[in-house]
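# Examining the three-dimensional arrangement
Each chain is listed here by its residues.
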Amino acid sequence: MNTSITSRISLLFSTLAVLVLLAMGYVINASVEHHFEVQDRMALEGKLALLQHLLAEPSLDVASNLSLHERIDDALVGHHELVLRLEATNGTLVFESSHAPPNAFLEGVFEPYSEGAFQLHDLSLEHHRFRAVMVLISAPVSGENYRVFLAIDRSIHDTFLENFHQQLIAVGALGLALICLFGWLATRHGLRPLTSMAQVAEGISAQKIQARLPMRHLPAELHSLGNSFNEMLDRLEAALARLNDFSSDIAHELRTPITNLMTQVQVSLSRDRSAEEYREVLYSSMEEYERLAAMISDMLFLAKSDNDQIVPRQEALDLRREVDALFEFYEPLASERGLQLACTGEAKLWGGRLMLQRAIGNLLSNAVRYAYADSVIEVLLRQAGASVSIELSNQGDTIPPETLSQLFSRFYRADAARHRSDEGAGLGLAITRSIVLAHRGSITVRSEQGVTRFEILLPSGG
Ligand SMILES: Nc1ncnc2c1ncn2[C@@H]1O[C@H](COP(=O)(O)OP(=O)(O)OP(=O)(O)O)[C@@H](O)[C@H]1O
Ligand SMILES: [Mg+2]
């Protein structure tokens, strides 16, 4: 069963409170009872000492029990709670207070008793409870021995204790009720931020992802949870924004070539044309279709890389050989613009051949496209320990620093006005970066004083 935190904490507190109150009640009660026992014992000891004193008086005429009786009577004036029975061991009864129990009864309780023994006994006599002692006292002068039964009525203490118990229970119950109530209220109050967290979470959807938890009202314990929650929302919001941008970019990018195709077809259908003219239209449409197909496959590649679905193969690669092959492919384009392609260094690594060719090829195609005419495009390969660096530089317009960080974004072109149908869609560098990341490497770009330099760092793997 899923009990709420509030009821669990309240239950825990209540149980603890019950235990603490019970323990306190027990200790208080025990010490009060002990206190009464000590008090009773002292009262009994005092009276016994008095009796001993009376019996020890040299003037006491043992035969005259009468005068002894009177003196004891005097000593007991005002002490209704005391019961005394004094008897010489030869059987002569010297004194007996009104409710003193019969000797036969006492002998059953106090057997055997000896001189000096002082042991308190609990007795019930005529619905009253007593603390009682029975001792032997010998009168030094007469040499007579006396058996003394002395008891003190506990009813005053008992009545007090009874009231005390009732009060203790009442106060305890009230205290317990208050502890439970305040414990419950405090827990509920303390957990309120969780409720507000749940409310914020409930209100969040793809369209309304701007809501954040107000951190000011969160207690310290929930700060890191709140922070993580808000950071998660930040990440989701950013990812969602990227996704939105990406899909609107896709729509935008597809619209232009399709509009071109439509216009072309409409124009050619507007009147009769020769077979030659139709063929020309089809050829130029073909180019547009190829561009579209290339763009769609690039987007698919990026979508896969987003889902970690591109896993590079592990082949032994000689990068120098791959770069030379790429140079061969780009040579015609480069020489058209009077560009020279140069490669220095060697590097070997494990990776996916086609993917790395594509990554370096994208850099090279950009360089060939954006380098100043009649300049040199240089590729520098280096192997350093467990990593490999591929550096590609070309001379051309310096890319402003604020633009550099965006070069790797999808559909980004530094100069939007330059966008013509013969130029790319702006996916090349995004794909290069995805490939490098899939190989657990990194890519950076610098552009200073007319030289733009891309550097890829890859683990040589194996
Ligand atoms: N070597 C370079 N020199 C100057 N600018 C560059 C260079 N490489 C890339 N850029 C800038 O970065 C932008 C993005 O490059 P990217 O390769 O991603 O796209 P693209 O070349 O425009 O299109 P695609 O590669 O999809 O055909 C380019 O439009 C260009 O403005
Ligand atoms: Mg490109």
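Residues numbered from 1 in each chain as written. Chains lettered and ligands numbered in written order. Predicted model: local features only at pLDDT ≥ 70, side-chain atom pairs only at ≥ 80, totals over all residues. Heavy atoms only, no water.

## Examining the overall build of the protein chain
Heads up, the rule is: Only runs of H or I of at least four residues qualify as helices and only runs of E of at least two qualify as strands under DSSP, and these elements are numbered from the N terminus. Accessible area is worked out with a 1.4 Å probe on protein chains only. A residue is then buried under 20% of its type maximum, exposed over 50%, and partly exposed in between. Note on contacts: a residue pair is in contact if any heavy atoms of the two residues lie within 4.5 Å. Per-residue and other accessible areas were derived by the Shrake-Rupley procedure at a 1.4 Å probe size, with only the shown protein chains allowed to occlude residues. The convention is simple: Lys and Arg are positive, Asp and Glu are negative, and His and the chain ends are not counted. Note that the charge is assigned to NZ on lysines, CZ on arginines, CG on aspartates and CD on glutamates.
Scanning the protein chain from N- to C-terminus turns up eleven helices and twelve strands. Its C-alpha atoms give the protein chain principal-axis dimensions of roughly 165 × 60 × 40 Å. Looking at the protein chain as a whole, 35% of its 462 residues qualify as buried. A separation of at least 24 residues holds for 64% of the contacts in the protein chain among residues at least 6 apart in sequence. Accessible surface for the protein chain amounts to roughly 27,900 Å². Of this, 58% is attributable to carbon and sulfur atoms. Within the protein chain, the 57 negative side-chain charges are centred at a point lying 13 Å from the centre of the 39 positive side-chain charges.

## Quick notes on the layout of surface pockets
We apply this condition: A cavity here means a set of points on a 1 Å grid, drawn over the protein atoms and nothing else, where a 1.4 Å probe fits but cannot get out; a pocket is an open set with protein on both sides within 12 Å along at least five of seven lines, and a residue lines either one if it has an atom within 4 Å of a point. Grid points are joined across faces, edges and corners, and a volume is the space filled by probe spheres set on the points. Residue polarity is assigned by list, with Asp, Glu, Lys and Arg as charged and Ala, Val, Leu, Ile, Met, Phe, Trp, Tyr, Cys and Pro as nonpolar; anything else, Gly included, falls into the polar class. Domain extents, as shown, originate in an automatic or database domain assignment.
Taken as a whole, the largest pocket spans an internal volume of roughly 1,300 Å³. In this structure, the largest pocket is lined by 46 residues; those nearest its centre are S365, N366, R369, Y370 and G424. At the level of secondary structure, the elements contributing two or more residues to the lining of the largest pocket comprise helix 7 (275-306), helix 8 (319-336), helix 9 (353-370), helix 11 (428-438) and strand 12 (451-459). The greatest single-element share of the lining of the largest pocket, amounting to eleven residues, is contributed by helix 9. The class makeup of the residues in the lining of the largest pocket is 20 nonpolar, 13 polar and 13 charged. Taken together, domain 2 (220-306) and domain 3 (315-459) each give at least three residues to the lining of the largest pocket, which thus spans both.

## Details of the site of ligand 1
Basically, it comes down to this: Any residue with a heavy atom lying within 4 Å of a molecule or strand is counted as near it. Polar contact is the term for a pair of N or O atoms within 3.5 Å; when the atoms are in protein, one must be able to donate a hydrogen and the other to accept it, and sequence-neighboring residues count only if both atoms are side-chain atoms. To qualify as sitting in a cavity or pocket, a molecule needs more than half of its atoms within 2 Å of the grid points.
Near ligand 1 there are 17 residues, and of these N366, G424, G426, L427 and L429 occur at the shortest range. Residue N394 places a side-chain N or O atom 3.0 Å away from a nitrogen atom belonging to ligand 1. Contacts to ligand 1 include L427, whose backbone N or O atom sits 2.8 Å from an oxygen atom. Surface burial for ligand 1 is 93%, taken as the share of its 590 Å² of free accessible area covered by protein chains. In this structure, ligand 1 is accommodated by the largest pocket. Per element, the largest residue contribution to the shell around ligand 1 is three residues, and it comes from helix 9.

## Comments concerning the domain arrangement of the protein chain
Along its sequence, the protein chain is carved into domain 1 (5-162), domain 2 (220-306) and domain 3 (315-459). Summarising the inter-unit geometry, the C-alpha centres of domain 1 and domain 2 are found 106 Å apart.

## Regarding the sheet that holds strand 10 (residues 387-395)
As a reminder, the rule being used: Whether two strands pair comes down to DSSP finding at least two bridges between them. Axes here mean lines fitted to C-alpha atoms, for a helix over just the part in contact, with angles spanning 0 to 180 degrees between N-to-C directions.
Taken together, five strands build an open sheet; the order of strands is 7-9-10-12-11 and the sheet is mixed. Taken across any chain shown, the strands that pair with only one partner, and hence form the sheet edges, are strand 7 (340-344) and strand 11 (442-448). Taken over all neighbouring pairs, the strand axes of this sheet differ in orientation by 15 degrees on average, direction set aside. With seven bridges joining them, strand 9 (residues 376-384) and strand 10 adopt antiparallel strand pairing. Bridge assignment links L381 to a residue of strand 10, and that residue is I390. Together, strand 7, strand 9 and strand 10 form the strand contacts of helix 8, whose direction differs from that of strand 7 by roughly 175 degrees.

## Section: the packing of aromatic side chains
Which entries qualify depends on this criterion: The aromatic pairing rule takes the rings of Phe, Tyr and Trp, using the six-membered ring of Trp, and pairs them if the centres are within 6.5 Å, calling planes under 30 degrees apart stacked, those over 60 edge-to-face and the rest tilted.
Summed over the entire model, instances satisfying the criterion amount to five aromatic pairs. Plain terms: the ring middles of F160 and F164 are 5.9 Å apart, the flat faces sit at 10 degrees to each other, and that makes the pair stacked. Within this pair, F160 and its partner F164 are both found in helix 4 (residues 155-190), separated by four residues, close to a single helical turn. By relative accessible area, which is 43% here, F160 ends up partly exposed. Residue F164 is classed as buried on the basis of its relative accessible area, which comes to 17%. A centroid spacing of 5.2 Å and a plane angle of 85 degrees characterise the contact between F329 and Y330, whose relative ring orientation is edge-to-face.

## Comments concerning the environment of E391
Relative to the elements of secondary structure, E391 occurs in strand 10. Taking the C-alpha atoms as reference points, E391 and G175, 216 residues apart in sequence, are found 79 Å from one another. If we ignore the near neighbours within four places in the chain, the residues touching E391 are E378, V379, L380, R382, R453, F454 and E455. A distance of 3.0 Å separates a polar atom in the side chain of E391 from a polar atom in the side chain of R453.

## Concerning the pairing of strand 2 (residues 93-96)
Relative to strand 2, strand 1 (residues 82-88) is paired through three bridges, and the arrangement is antiparallel. In the sheet register, L86 faces strand 2, and the bridge partner there is F95. With antiparallel pairing between neighbouring strands as the criterion, strand 1 and strand 2 make up a hairpin whose turn holds four residues, including G91 at a positive phi of roughly 105 degrees.

## Some remarks on the nonpolar core
Put simply, the rule is: Here, nonpolar core refers to any group of buried Ala, Val, Leu, Ile, Met, Phe, Trp, Tyr and Cys residues whose side-chain atoms link them within 4.5 Å.
Grouped together as the largest cluster of nonpolar side chains are 50 residues, with contacts concentrated most on L319, I377, V379, L381 and I390. Each of domain 2 (220-306) and domain 3 (315-459) gives at least three residues to this core. Dropping the residues within four chain positions of it, L319 is found in contact with A347, L349, I360, L381, V388 and I390. Residues L51, L54, F95 and L150 belong to the second largest nonpolar core, which totals 23 residues.

## Looking at the pairing of strand 3 (residues 121-125)
Each regular strand carries side chains that alternate between the two faces of the sheet. Of the pairings in the sheet, the one linking strand 3 to strand 4 (residues 128-138) comprises five bridges and is antiparallel in character. What sits directly across from L125, in strand 4, is H128. Between the end of strand 3 and the start of strand 4, which pair antiparallel, lie two residues, with E126 showing a positive phi angle near 45 degrees.

## Focus: helix 6 (residues 220-269)
Every α-helix carries 3.6 residues per turn, so stepping three or four residues along brings you back to the same face. Let me state the cut-off plainly: Expected span of a helix, by definition, is 1.5 Å for each gap between consecutive residues, and there is one gap fewer than residues.
Along its 50 residues, helix 6 runs 73 Å from first to last C-alpha, staying within 8% of the 74 Å computed at 1.5 Å per residue. Against the buried residues of helix 6 lie helix 5 (192-202) and helix 7.

## Brief notes about empty space enclosed by the protein
For the coordinates displayed, the defined rule picks out two cavities of 30 Å³ or more. A volume near 50 Å³ is recorded for the largest cavity. What lines the largest cavity is K47, L50, L51, L54, I72, A75, L76, L84 and L150. For the lining of the largest cavity, the elements supplying multiple residues, two or more each, are helix 1 (5-56) and helix 2 (65-75).

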